[in-house]
Amino acid sequence: MLKLSISFNRKVERFSMKRLDQVISQEGVSAELELVIKDILVACKDIAYKLGQGELAGILGATEDENIQGETQKMLDVISNDLLKDTLCSNAFVKGVGSEEEDYTIAGHADGKYLVTFDPLDGSSNIDVNLSVGTIFSILEAPEDSRTGDDQNIFLQPGRKQVAAGYVLYGPSTLLVMTTGKGVNLFTLDANVGEFVLTQEQLKITEDTAEFAINMSNQRFWEPEMKEYIDHCLQGEEGPLGKRYNMRWVASMVAEVHRILIRGGIFMYPYDSRDPSKAGKLRLMYEGNPMSMIVEQAGGLSSTGHQCIMDVEPQDIHDRVPVILGSKNEVKKVVAMYGDYITKS
Ligand code: AHG
Ligand code: MN
Ligand code: MN
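Not measured: the values here are computed from a predicted model.

Calculation notes
- Residues numbered from 1 in each chain as written.
- Chains lettered and ligands numbered in written order.
- Predicted model: local features only at pLDDT ≥ 70, side-chain atom pairs only at ≥ 80, totals over all residues.
- Heavy atoms only, no water.
- Salt bridge = Lys/Arg side-chain N within 4 Å of Asp/Glu carboxyl O.
- Helix = DSSP H or I, 4+ residues; strand = E, 2+ residues; numbered from the N terminus.
- Buried < 20%, exposed > 50% of the residue type's maximum accessible area, 1.4 Å probe, protein only.
- Donors = N, O, S within 2.8 Å, 3.2 Å for Na, K, Ca; no water.
- Domains from an automatic or database assignment.
- Contact = heavy atoms within 4.5 Å.
- Buried area = accessible area lost by both parts, 1.4 Å probe.
- Phe/Tyr/Trp six-rings, centres within 6.5 Å; stacked < 30°, edge-to-face > 60°.

1. So, the pattern of salt bridges
What the rule picks out here adds up to 21 salt bridges. Here Arg259 and Glu256 are joined by a salt bridge, their closest N and O atoms 2.9 Å apart. Pair noted here: Arg259 and Glu256 are both in helix H6 (residues 253-263), with a separation of 3 residues, about one helical turn. The exposure class assigned to Arg259 is buried, which follows from its relative accessible area of 13%. Residue classification places Glu256 among the buried positions, given a relative accessible area of 0%. Salt bridges sharing partners connect three or more residues here, namely Glu71, Glu100, Arg283 and Glu287.

2. A word on the coordination of the manganese ion (ligand 3)
Each protein donor to the manganese ion (ligand 3) is listed here as Glu100 (OE), Asp119 (OD) and Leu121 (O); together their distances run 2.3 Å. Counting along the primary sequence, the residues that act as donors to the manganese ion (ligand 3) give the motif E-x18-D-x1-L. The metal-metal distance between the manganese ion (ligand 3) and the manganese ion (ligand 2) is 3.8 Å, with Asp119 coordinating both. One end of the pair, Glu100, is in the loop between strand E3 (94-99) and strand E4 (106-107); the other, Leu121, is in strand E5 (residues 114-122), and 21 residues separate them in sequence. Overall, Glu100 belongs to the buried group, its relative accessible area being 3%.

3. Describing the domain arrangement of the protein chain
Domain boundaries in the protein chain define domain 1 (18-200) and domain 2 (211-344). Relative to domain 2, the C-alpha centre of domain 1 lies at a distance of 23 Å. Contact with domain 1, which involves 49 residues of that partner, is made by 35 residues of domain 2. Both faces considered, domain 1 and domain 2 share a buried interface measuring about 3,000 Å² in area, 59% of it formed by carbon and sulfur atoms. The residue Arg283 makes a salt bridge to Glu100 at a minimum N-O spacing of 3.3 Å.

4. Quick notes on the coordination of the manganese ion (ligand 2)
Within the protein, the manganese ion (ligand 2) binds to Asp119 (OD), Asp122 (OD) and Glu287 (OE); these donor distances fall in the range 1.8 to 2.2 Å. One chain supplies every donor for the manganese ion (ligand 2), spaced along it as D-x2-D-x164-E. The exposure class of Asp122 is buried, given its relative accessible area of 4%.

5. Thoughts on the packing of aromatic side chains
To describe a pair of aromatic rings, you give the distance between the ring centres and the angle between the ring planes. Throughout the structure, instances matching the rule amount to 3 aromatic pairs. Consider the rings of Trp249 and Phe267, whose centres lie 5.7 Å apart with planes at 5°: the pair is stacked. Residue Trp249 is found in the loop between strand E12 (246-247) and H6, and its partner Phe267 is found in strand E13 (residues 266-269); the two are separated by 18 residues along the sequence. Look at Trp249 and Tyr269: their rings are 5.9 Å apart centre to centre, the planes differ by 55°, and that puts the pair in the tilted class. Taken together, the residues span a long stretch of sequence, with Trp249 in the loop between E12 and H6 and Tyr269 in strand E13 at a distance of 20 residues. For Trp249, a relative accessible area of 28% gives the class partly exposed. What makes Tyr269 buried here is its relative accessible area of 7%. Chaining the aromatic ring pairs together yields one cluster made of Trp249, Phe267 and Tyr269.

Structure representation (structure tokens):
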């Protein structure tokens, strides 16, 4: 009897929580930015619905096209990209958009104040096996003197200038994790009413962890510093780090970062020598910067190994970046391996 009444009380407490627009307005976000965020979420709700339909809608599987990243596009990569692009480019406050799936940036409204970059579907190799995928977004202000929203130079701002960043995780529940620079909040989509409802306020990443996420199959291509750190982890209690580590790899950055926000951990997609012309696999403007802002706003750290990801000056909209992020003390251990960069405390 007692158990039942506890769970009933918790349920009541959850349903009395705030809606997304109430949270955003309390954070002092401008009405224009709020409308941009809401439009991103309109597209994400549609993506969530389409993912749920899957095979029934005949939208699983790959297209015959490759994106500018040299990766085969899944049908849902293209559908998600079109939904975000079309919704945002018709928003009066969006000057332009940049997407992992587009060769060039696209103009929105000439007077728009904001630039949005996004990875429409992250972890899309998971689609055909019905595992977690996500959408990642980053919002910047357009420089005041900028003329056209399809000029990629106006997008080339370091991640420190982001005014908002977030991701939607399409898992057993559809979740939104977002920051406007005032901490990180977690919302759950109530599909019955089509609203994101605040379900966890001010997420904080644990400072310590014994769980790492890295694609171990690339080990022979890593730099010596990364090889050494992972070697220390694998030595467990007997090794220099003195603890037994666990490993996870979902192959979806959104899912990995979400796990880290909830229970701590470290995620790494470091530089590797498979294609020496690329600085890493992940993209700075669509993946590295927004995740870095979220992680730092939740008390974690992010680094390339040499500097904070958000301090990297982009040269091209599709720039790649090595990524090390998560629990503060563990990221510091990896960065210490690289030796020439002292993290802030
Ligand atoms: P995307 O599906 O947008 O191309 O991104 C996939 C990314 C990232 O989400 C994940 O961490 C990583 O690539 C997976 O890489 P592997 O193929 O090496 O596992
Ligand atoms: Mn991605
Ligand atoms: Mn993608």
